[in-house]
Amino acid sequence: MDEDRIVNIEIKIARQEDLVDALNHMVYQQQKKIDELEALCLALARRLKDVVSGGNEQNAANERPPHY
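Presented here is an overview of the structure given in this document. (Residues numbered from 1 in each chain as written. Predicted model: local features only at pLDDT ≥ 70, side-chain atom pairs only at ≥ 80, totals over all residues. Heavy atoms only, no water.)

1. Structural notes on the overall build of the protein chain
Put simply, the rule reads: Helix and strand definitions follow DSSP, with helices as H or I runs of at least four residues and strands as E runs of at least two, each counted in order from the N terminus. Relative accessibility under 20% of the residue-type maximum defines a buried residue, over 50% an exposed one, and the middle range a partly exposed one, all with a 1.4 Å probe and only protein chains included.
Tallying secondary structure elements over the protein chain gives one helix and zero strands in all. In the protein chain, which comprises 68 residues, the proportion classed as buried is 1%.

Below, the structure written as C-alpha cells:
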C-alpha cells in the first residue's frame, strides 16, 4: 500500500515536471514573439515619424512662392 502511494506521488511529480517544462517553453516562445512585435512597433514608429517629418518638407517644396 505504501509503495503504491509512493509510485503515484512519483508519477504526479513527473507529470508536473513535464507540465512545468512545457509552460516554460511556451513562455519563452511568447516572450520571443513579444520582443519581435516590440521591435516591429519601434520600426514602424520611426518610419511614421520620418514620413511625417518628410511630408512637411515636401509640402513646403510644393507650395507656391509668396510672390504669386
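Having seen the structure, we can now continue with the description.
2. Description of the pattern of salt bridges
We count it as follows: Any carboxyl oxygen of Asp or Glu within 4 Å of a side-chain nitrogen of Lys or Arg constitutes a salt bridge here.
One pass over the structure, following the stated rule, counts one salt bridge. Between K33 and E36 there is a salt bridge; the shortest N-O distance is 4.0 Å. In this pair, K33 and E36 are both assigned in helix α1 (residues 2–62), three residues apart and thus about one turn of the helix distant. With relative accessibility at 48%, the residue K33 sits in the partly exposed group.

3. Looking at a nonpolar patch on the surface
Threshold: Any residue with relative accessible area above 30% and no salt bridge may belong to a patch, with like charges joined within 9 Å and the nonpolar Val, Leu, Ile, Met, Phe, Trp and Tyr side chains within 5 Å. Computed by Shrake-Rupley with a 1.4 Å probe, the accessible areas treat only the displayed protein chains as cover when residues are assessed.
A cluster of nonpolar residues, L19, L23 and M26, forms a patch on the protein surface that exposes about 290 Å² of accessible area. Of note, L19 is situated in helix α1. Of the residues examined, L19 reaches a relative accessible area of 51% and is grouped as exposed.

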